[in-house]
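Descriptive structure summary
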Amino acid sequence: MTGRAPRTVRVVAALIPQPGEGSRFLVQQRLPGGSRALLWEFPGGKVEAGETDESALARECREELDVELEVGRRLWEGRHTYPDLTVELVLYWARLVSGEPKPLGAHALRFLTPPEMTALPFCEADVPLLDELVAGRMELPR
C-alpha cells in the first residue's frame, strides 16, 4: 500500500537581530489551535507563486509582525517532512528597518540568544537550523 506523498511548501524565515544587541534574535510562538500550535519558530512564512524568497519574507513579516525588513543573504537551508507536509525551509539574515515587532500572526514574540532558544519547544523543521546557530556553525554578518 502506498500513501500519497505530503505536499511540499517552501518556507522562508528571518534571523532578525535585536536592534543594538547583536546576540539576541527574534523568535515567535505559533498561534494556538493551528498546526504545530504553540511551538516556536523563526519569523517568516510560505512563499506564494510568483514571489521571490526575499519578497515573501518581507511580506510575511509586514503582515505578521508589522515591521519592514531589509532581507540579506541566505544563511541556511533544510528540508523536513511532517506527516501532513514537507517543508523546504530557508533562513535569511534580515534587519529591522522600521516598526516594532508586534505579535499580529503569533501568540508571543521574544528576542533570545541561541542558547536561550534551546529551552523552548521549536517546530521540528527549525531544530537543525537552531542546532547550527547554537554550535556557531552559521556565518553571521556583523
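Notes on the structure follow. Computed from a predicted model, the values in this text were never measured in an experiment.

Overall, mixed pairing links the four strands, which are arranged β5-β1-β7-β6 in an open sheet. Bordering the open sheet on either side are β5 (44-46) and β6 (68-81), each of which pairs with just one other strand. On average, each strand axis in the sheet is inclined to that of its neighbour by 20°, with strand direction left out of account. As judged from the nine bridges shared by strand β1 (residues 7-15) and strand β7 (residues 85-98), these two strands associate in the parallel manner. When the sheet's bridge partners are listed, alanine 14 is paired in β7 with tyrosine 92. Against the sheet, helix α1 (residues 53-65) touches β1, β5, β6 and β7, its axis set at about 115° to β5.

This brings us to the packing of aromatic side chains. Counted by the stated rule, this structure contains two aromatic pairs. Ring centres 6.2 Å apart and planes at 75° place the aromatic pair phenylalanine 25 and tryptophan 93 in the edge-to-face group. Here phenylalanine 25, found in strand β3 (residues 21-29), pairs with tryptophan 93, found in strand β7; they are 68 residues apart in sequence, far enough to count as distant. In this pair, the class of phenylalanine 25 matches that of tryptophan 93, namely buried. Ring centres of phenylalanine 42 and phenylalanine 122 lie 5.7 Å apart, and the angle between their planes is 40°; on these two criteria the pair is classed as tilted. With phenylalanine 42 in the loop between β4 (40-41) and β5 and phenylalanine 122 in the loop between α2 (114-117) and α3 (127-134), the pair connects residues that are 80 residues apart, well separated along the chain. A relative accessible area of 3% places phenylalanine 42 in the buried class. Positioned above the aromatic ring of tyrosine 82 is the side chain of arginine 36, whose terminal nitrogen or guanidinium carbon lies 3.8 Å from the ring centre.

A volume near 520 Å³ is recorded for the largest pocket. Taken together, 29 residues make up the lining of the largest pocket; nearest its centre are Val11, Arg30, Glu41, Gly45 and Lys46. With five residues, the top contributor of residues to the lining of the largest pocket is β1. Classifying every residue of the lining of the largest pocket by side-chain character gives 14 nonpolar, five polar and 10 charged.

With that out of the way, let us pick up the nonpolar core. Looking at soluble globular proteins, one finds that nonpolar side chains tend to be buried together. Core analysis: the largest hydrophobic core is formed by 26 residues, its most contacted members being Leu15, Phe42, Val87, Leu89, Leu91, Met117 and Phe122. For this core, the secondary-structure elements that each account for two or more residues are β1, β3, β6, β7 and α3. Here this core takes five residues from β7, the largest share from any one element. Apart from residues no more than four positions distant in its own chain, leucine 89 is found in contact with Val11, Ala13, Trp76, Glu77, Gly78, Ala125, Asp126 and Leu129.

How each quantity is defined
- Along every chain, residues carry numbers that run from 1 in the direction the sequence is written.
- Per-residue local features are limited, in this predicted model, to residues with pLDDT of at least 70; the limit for side-chain atom pairs, both in listing and counting, is 80 or more; totals at the level of whole chains, interfaces and linings are taken over all residues.
- As a convention, hydrogens and water are excluded, and side-chain values are obtained from all of the structure's heavy atoms.
- Strand pairing is assigned whenever DSSP detects at least two bridges linking the two strands.
- In this text, helices come from DSSP runs of H or I with a minimum length of four residues, and strands from runs of E with a minimum of two, each type numbered from the N-terminal end.
- Think of each axis as a best-fit line through the C-alpha atoms, taken over the contacting stretch in the case of a helix, with angles from 0 to 180 degrees between the N-to-C directions.
- Pairs of residues are marked as contacts when any of their non-hydrogen atoms sit within 4.5 Å.
- Centre distance within 6.5 Å is the pairing criterion for rings of Phe, Tyr and Trp, where only the six-membered ring of Trp is used; planes under 30 degrees apart are then read as stacked, over 60 as edge-to-face, and the remainder as tilted.
- Each residue's exposure class comes from its accessible area (1.4 Å probe, protein chains only) as a fraction of the maximum for that residue type: buried when under 20%, exposed when over 50%, partly exposed otherwise.
- Put simply, a charge is over a ring when the Lys NZ or the Arg CZ is close to the ring centre, within 6 Å, and near the line of the ring normal, within 35 degrees.
- Cavities and pockets were defined on a 1 Å grid built over protein atoms only: a cavity is a set of grid points that admits a 1.4 Å probe from which the probe cannot escape, a pocket is an open set flanked by protein on both sides within 12 Å along at least five of seven lines, and lining residues are those with an atom within 4 Å of any such point.
- Grid points are joined across faces, edges and corners, and a volume is the space filled by probe spheres set on the points.
- The residue classification treats Ala, Val, Leu, Ile, Met, Phe, Trp, Tyr, Cys and Pro as nonpolar and Asp, Glu, Lys and Arg as charged. All others, Gly included, are polar.
- Nine residue types can take part in a nonpolar core, namely buried Ala, Val, Leu, Ile, Met, Phe, Trp, Tyr and Cys, and a core is a set of them joined through side-chain atoms within 4.5 Å.

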